[in-house]
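# An overview of the molecular structure
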Amino acid sequence: MSEAVVADSQGELPHWLAAQRNQLLASPAHALLLHGASGLGQYELALSIAQSWLCEAADLPERLATGEGACGQCASCQQIRARSHTDLLVLMPETVMLALGWPLSEKAQSDIDGKKRKPSKDIRIDDVREAVAFAELTSGRGRGKAILVYPAEQLNLASANALLKTLEEPQGACASCSPLKLRISSCPQFVAVAKPLL
Ligand SMILES: [Zn+2]
């Protein structure tokens, strides 16, 4: 899906996706499951939402109200662009991470470089455990934390359960998508992206 919609270097979204992002950001949910056919820009939308959650611009509320989104300039936005934000964790198959320019963990990169194994095509349980541990840490920059799961259907049952165990019962907002059910936590914030189940 990432081939069809490409955010520009500032992370700006096409107008129609920016409108969706602002609508989603206005909702009180702490987790979002973006669901749709490939090629509609769900990954870019999810990343833009995470960037907006973490953006440190003083005028962020005004920016969102006018459809401008995250500022693209602050330290947080710059770290997201550099794929090095301490409060954003992406949970993806390694093949997808590599394709989208996200760095693998040192251990994973070293195993792959050393030809001990190939990049995983699934979301690995080890990475899910890492996400669980990440969720329990305090926010490094003080704006909360975000986990982007993409594509969510690549979570197998064991991985989904490991992730869900860390989440609190929702306070009222809940997004669910059978058979993958995501409970919403008050912290951290999740963006999960899934293709529709056919
Ligand atoms: Zn910013």
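Residues numbered from 1 in each chain as written. Predicted model: local features only at pLDDT ≥ 70, side-chain atom pairs only at ≥ 80, totals over all residues.

Counting secondary structure elements, the chain contains eight helices and six strands. Here the chain holds 198 residues, and the buried ones make up 33% of them. Long-range pairs, those at least 24 residues apart, make up 71% of the contacts in the chain between residues at least 6 apart in sequence. (Helix = DSSP H or I, 4+ residues; strand = E, 2+ residues; numbered from the N terminus. Buried ≥ 20, exposed ≤ 12 C-beta atoms within 10 Å, placed from the backbone. Contact = placed C-beta atoms within 7 Å.)

Our next topic: the environment of Pro 93. Within the fold, Pro 93 resides in the loop between β2 (88-91) and α5 (94-100). Its 19 C-beta neighbours within 10 Å are what place Pro 93 among the partly exposed residues. Residues Pro 93 and Ala 152, spaced 59 residues apart in sequence, show a C-alpha to C-alpha distance of 10.0 Å. If near-sequence neighbours (up to four positions away) are discounted, Pro 93 is found in contact with Ser 120, Lys 121, Asp 122, Ile 123 and Gln 154.

It is worth spelling out the packing of helix α7 (residues 125-136) against helix α8 (residues 157-164) at this point. Following both chains from N to C, one finds α7 and α8 inclined at 10°, their axes separated by 9 Å at the closest point. One finds that α7 runs roughly parallel with respect to α8. Residues Ile 125, Val 128, Arg 129, Ala 131 and Val 132 of α7 form the contact with α8, whose participating residues are Ala 158, Ser 159, Ala 162 and Leu 163. (Axes fitted to C-alpha atoms, helices over the stretch in contact; angles between N-to-C directions. Parallel < 35°, antiparallel > 145°, perpendicular 65-115°, else oblique.)

A separate point is the nonpolar core. Core analysis: the biggest nonpolar cluster contains 38 residues, and Ala 46, Ala 50, Leu 88, Val 90, Leu 91, Leu 148 and Tyr 150 have the highest contact counts within it. Put simply, the parts of the chain that give this core at least two residues each are β1 (31-35), α2 (42-54), α4 (75-81), β2, α5, α7, β3 (146-149) and α8. Of all the elements, α2 adds the most residues to this core, at eight residues. (Core = buried A, V, L, I, M, F, W, Y, C linked by C-beta atoms within 7 Å.)

What follows is about the confidence of the model for the chain. A residue-level look at the chain finds 76% of positions with pLDDT of 70 or above and a mean pLDDT of 77. Predicted confidence for residues 168-187 stays below pLDDT 50, and this span has 41 contacts to residues more than four positions away or in other chains. (pLDDT = per-residue confidence, 0-100.)

Look at α7: 17 Å from first C-alpha to last across twelve residues, which is about the 16 Å you get at 1.5 Å a residue. Of the residues making up α7, those classed as buried are Asp 127, Val 128 and Ala 131. The buried residues of α7 all sit within an arc of 105° when viewed along its axis, so they share a single face. Facing away from the buried side of α7, by more than 90 degrees, are the exposed residues Ala 133 and Glu 136. (Expected span 1.5 Å × (residues − 1). Arc of directions from axis to C-beta.)

Attention shifts here to unusual backbone geometry. Most peptide bonds take the trans configuration, and most residues that are not glycine carry a negative phi. A cis amide bond, omega -15°, links Tyr 150 with the succeeding residue Pro 151. Residue placement: Pro 151 occurs in the loop between β3 and α8. In this structure, Arg 83 takes a positive phi of about 60° despite not being glycine. Classification of Arg 83 by C-beta neighbours within 10 Å gives partly exposed; the count is 13.

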